[in-house]
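Below are the chains, spelled out letter by letter.
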Amino acid sequence: MVICVNFVSKVTLLFTKFIDGGRYTPVVIKSHLLYSILNYVMLSTSTWLRSSLIKRLPRLPRASYHAKTGIYGYNPSAQQMLENNQVNEVTLLKRIQNSSLVQLVEAYRRHGHKKATIDPLGLQVLRPTPELNPELYGLERSNKYDLSGILNTADCSSVSLEGAVAALESIYCSTTSAEFAHLETLKEREWFAQKFEESRTWQLSDDEKKKIASLLVKSQAFDNFVANKFTTVKRYSGEGAESMMAFFNELFSLAAQSNIEQVMIAIAHRGRLNLLTGLLDFPTELMIRKMQGKMEYPDTAPCTGDVLSHLYQSVDIEYEGKQVHVSLIPNPSHLEANVPVVIGKVRGRQQTLQEGDYSSGEESVVGEKVLCVQVHGDAALSAQGVIQESLGLWNLPHYRVGGSIHLVVNNQLGFTTPAEQGRSSLYSTDIAKINDFPVLHVNGDHPEEVVKAVRLAMSYRQTFGKDVFVDLMCFRRWGHNELDNPSFTNPSMYSVIDTKPSVPDAYVDKLSEEGIIDKKDIAKEVSLYQDTLNNSLKEAETYQPKQFHLQAHWKGFVDAPSHITTWDTGVDPELLRFIAAKSVEVPENFKVHSTLLKSHIGARMKKLEEGTSLDWATAEAMAIGSLLAQGFNVRISGQDIGRGTFSHRHAMLIEQDSNSMYIPFNNIVGDQRHFLEVANSPLSEEAVLAFEYGMSIENPKSLIIWEAQFGDFYNGAQIIIDTYVTAGEVKWLLQSGLVMMLPHGFDGAGPEHSSCHMERFLQACDSKENGIDGDNVNIQLVHPTTPAQYFHLLRRQMVRNFRKPLIMASPKVLLRLPAATSSLSELAPGTSFQPVIGDQLADSNKVDKVIVCCGKHYYALVNERQRLQADNIAIVRVEQLCPFPAEEIQKNLSKFPNAQKIIWSQEEHQNMGAWFFVAPRFTNLVGCNLSYAGRGPLGTPAVGVGQLHQEEVKMVMEKTFSL
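Along each chain, residues carry numbers from 1 onward, in the same order as the chain's sequence is written. Confidence filtering applies because this is a predicted model: local features only for residues at pLDDT of at least 70, side-chain atom pairs given and counted only at 80 or more, and all residues used for totals across whole chains, interfaces and linings. For side-chain calculations, the full set of non-hydrogen atoms in the structure is used, while hydrogens and water are omitted.

Colleague: Any details on the side chain of Glu336? Residues and values, ideally.
Modeller: The secondary structure listing takes helices from DSSP runs of H or I that are at least 4 residues long and strands from runs of E that are at least 2 residues long, numbered from the N terminus. By the element assignment, Glu336 lies in the loop between strand S6 (322-328) and helix H12 (338-353). Buried Glu336, no salt bridge; nearest opposite-charge side chain is Arg272, N-O distance 11 Å. Residue contacts are defined here by distance: any two heavy atoms, one from each residue, within 4.5 Å place the two residues in contact. If sequence neighbours within four positions are ignored, Glu336 has contacts with His376, Gly377, Ala380, Leu381, Gln384, Val386 and Ile387. The cut-offs for exposure are 20% and 50% of the maximum accessible area for each residue type, with area from a 1.4 Å probe on protein chains only; residues under the lower value are buried, those over the upper are exposed, and the others partly exposed. Think of it this way: Lys and Arg go in the positive column, Asp and Glu in the negative one, and His and the chain ends go nowhere. One speaks of a salt bridge when a side-chain nitrogen belonging to Lys or Arg is within 4 Å of a carboxyl oxygen belonging to Asp or Glu.

Colleague: Can you break down the packing of aromatic side chains residue by residue, with the values?
Modeller: In this scheme Phe, Tyr and Trp rings, the latter by its six-membered ring, pair at centre separations within 6.5 Å, and the angle between planes marks the pair as stacked below 30 degrees, edge-to-face above 60, and tilted otherwise. What the rule picks out here adds up to 30 aromatic pairs. Taking 5.8 Å as the distance between ring centres and 55° as the angle between the ring planes, the aromatic pair formed by Trp191 and Tyr460 counts as tilted. Within this pair, whereas Trp191 is found in helix H7 (residues 186-199), its partner Tyr460 is found in helix H16 (residues 447-464), the two being separated by 269 residues in sequence. The pair formed by Trp191 and Tyr460 is uniform in burial state, with each residue classed as buried. Ring geometry for Trp191 against Phe464: centres 5.5 Å apart, planes inclined by 90°, an arrangement best described as edge-to-face. With Trp191 in helix H7 and Phe464 in helix H16, this pair connects stretches of sequence that are 273 residues apart. The pair formed by Trp191 and Phe464 is uniform in burial state, with each residue classed as buried. One aromatic cluster is present, built from ring pairs that chain together Tyr172, Phe180, Trp191, Phe192, Phe196, Tyr460 and Phe464. Between Arg635 and the ring centre of Tyr399, over which it is positioned, the NZ or CZ distance is 4.9 Å. It is Arg921 that lies over the ring of Phe917; its NZ or CZ is 3.7 Å from the centre. Charge-over-ring placement is defined geometrically: NZ (Lys) or CZ (Arg) within 6 Å of the ring centre, and within 35 degrees of the ring normal.

Colleague: Lay out the sheet that holds strand S5 (residues 313-319) with the relevant residues and their values.
Modeller: For two strands to count as paired, DSSP must find a minimum of two bridges between them. Taken in spatial order, the eight strands line up as S3-S11-S12-S8-S7-S4-S6-S5 in an open sheet, and their pairing is mixed. The sheet is open, and its two edges are formed by strand S3 (176-179) and S5, each paired on a single side. On average, each strand axis in the sheet is inclined to that of its neighbour by 20°, with strand direction left out of account. Note: strand S7 (residues 370-377) against strand S8 (residues 404-410), six bridges, orientation parallel. Orientation is described by axes fitted as lines to C-alpha atoms, over the contacting stretch for helices, and by angles from 0 to 180 degrees between their N-to-C directions.

Colleague: Got a sec to walk through the side chain of Gln262? Specific residues and values, please.
Modeller: Among the secondary structure elements, Gln262 is positioned in strand S4 (residues 262-266). For Gln262, a relative accessible area of 12% translates into the label buried. In protein, a polar contact requires one atom able to donate a hydrogen and another able to accept it; more generally it is a pair of N or O atoms within 3.5 Å, and residues adjacent in sequence count only if both atoms are side-chain atoms. At 2.4 Å, the side chain of Gln262 forms a polar contact with the side chain of Arg349. Those residues within four positions of Gln262 in sequence are excluded, and the remaining contacts are Val324, His325, Arg349, Leu353, Lys369, Val370 and Leu371.

Colleague: I'd love a proper account of the environment of Lys846, names of residues and values included.
Modeller: With respect to the helices and strands, the residue Lys846 is situated in the loop between strand S21 (836-837) and strand S22 (849-853). Under the relative-accessibility criterion, Lys846 is labelled partly exposed at 47%. In sequence terms Lys846 and Ser424 are 422 residues apart; their C-alpha atoms lie 71 Å from each other.

No statement about biological role is implied by the geometric values presented.
Next comes the structure, spelled out in structure tokens:
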């Protein structure tokens, strides 16, 4: 035995060349045991032996997160750790002695899904599977084989080859199949093989089968009711995919029995209404009211509502005496955009419950209290890039949620596009393999198999804390919506569907034949349910929707007022000195980088002594620290956010010898209760911004900040901005205090590092051209020019009793510009954010021209005025564009009664920036006409040649001061 293993160890290196993406070239050598073992090593890519042998090869160590001992938002002990890849010696010997048989079993585990009967329509083209030929492994039909210890089934200690093949076919090639040979660790592969093989023998009780039948027929009855009563309504029914109701019911039950307190679901339109009415207690009267074209909220609610297929719900459900709270989040029509949002909301709820990464204890596991469920369409899953971005978050510090359960409602059709034209991969779920997630493919005509798949998936998630996919192979009874005619483009598929009995009817027939149910009882149950639906139809006429937002931990918050409010956001200077000092305090013997010791720590302490020349990073630190002291948590997320893209923040410090991380703000006082989470994000915008938005709608007591590396990088997240950030409250009454910081400024850096495209946000805001804005605008857009203004903006986000997204065109060169600093007195009690900053230096009697601007452009204008000694010119800064501060602008302009000309000057090109937004408002609301001075229109945000940039700068100054 030892000799064999040592021999194999020596020759492993010789066969490394056969490895190619986890595959081996098969070689058949029958005679000698050693050669059989060697052959086994080359073929069995997912067994313990291959893993243990390859592990003997030199490997680079896997990088680990700096915070090995725990840091707020990352608790290593909360991670479910995998055991070492070990197999007991008895199993080891058993497998070596039956290496050829093991090869066949492993082949079925890897390739059996290719010939499984998972397509309910029977249209699936089966892939050739030569790997499943027993002769390839030298197995002879005349011999008897012992599968015990190799295959986890009933007694099979002496079976013929035909019997062994039949057993493998029944397990891996039936109406449920699995892909798990790609899993990273031996423990996972062995666990999944054992559980999957055992699951083939699991039996459901008669009561469980009756429950499934009831759910399915009610789902069907609901669809029939809507089809009859609302013939022109697009309901995106569950017909053809009714087995998803069995999926959800079992999942909720398992969650309750596992002591999971919260289940949060992201689902698109397909079957959404069935889930809402069938399991989530959504008022049928309210849904019918919506189908009648009426509002789902009270008429007084400050919102517009959304389409029928975007309704959402939050409800407590009880299973066997245990309660679980289920939240179905709203979704936009942009497919899969809600996936990262629900992950972020789950993470936010985990923070609220202080579980896992947010727990100070050693026992709490990530995801033990909150379960994330993602429901996908097959076409969207394989095509939308946000899926890859979102899946990549699964195990990252500050983003992980302890594993998600994925359900793919696989219509085998995307709108009108068949699968072979919608993706290049075999399955839509193949993207799951990037992160080593297992996949279960289930024939949707078999709801009991769906239930078994849920049990296995949930067990895997609870064991390993990883995502798992259930691919529900089903069909659409009708077209993309019920008003389509799918036979235009998919005649073959729909010729099969048209003659196919419904899933509920077929299942009822099956149970009736088994003597488990009486069809008369089912018919009576359906009749009673139809009566309920008809009663709801009558009551819908008088049903009054309830305003259910601003409850639970949002209690005490209000809808934003219709006027602009001012908030005292100042803080005692001595407290700010203490906070800022603590922001750069490190433990004794903590070796800080020599440059930071001087330029960051030393410089900050000097500024605190003087109380003047406070830079942006110091103001930010003071704002964050004061919010922590006031009872709020703060999370700042983005690429390289800890250091800051411009190496200015340094919220996390790295010990230069040990590479360990330290966040001073989380060690302000010994009994600290509120913390800063510094989340260095992956190189993603859409998924990460959506994640942060999800966190922001969960808890109003947490300040959630997302900072782009450069302002226009948010382009990749435009879908999230359009459908959630700017529209979430308008559509769904969901308040969000998310802060988006977008570094902006024309510094000659070229087209993609200059503009945050504020014109897009201004177009998306609901500011009025002919009326006075209030705080009830959908978003706030600011362009601050001093650290004090930034300080007050961050604090204002939290001290107000309502939440609004804050879009900030944030600085780059101003981060270190000596002129762009503030003093402690500007942060003291009684101070607040100023929407407009007037010119305090200009002599009002001499001024005959006023230049109005925003952002860093102000400092260039001041320098030019000084160079020209133009004391007849005043410069007014508009720090807040939305809500538009018309009254404040009027007050500041009125200080210059002799002004003959008002000029708007901007560094952005004319078709960008704020020009087209401010011009009509100055005319209609302020009462003066603006002249434009700036760059002309351009088809790109900025020029890419330094010389051209300088020429433009010169031209802007000449035009501004010559008008």
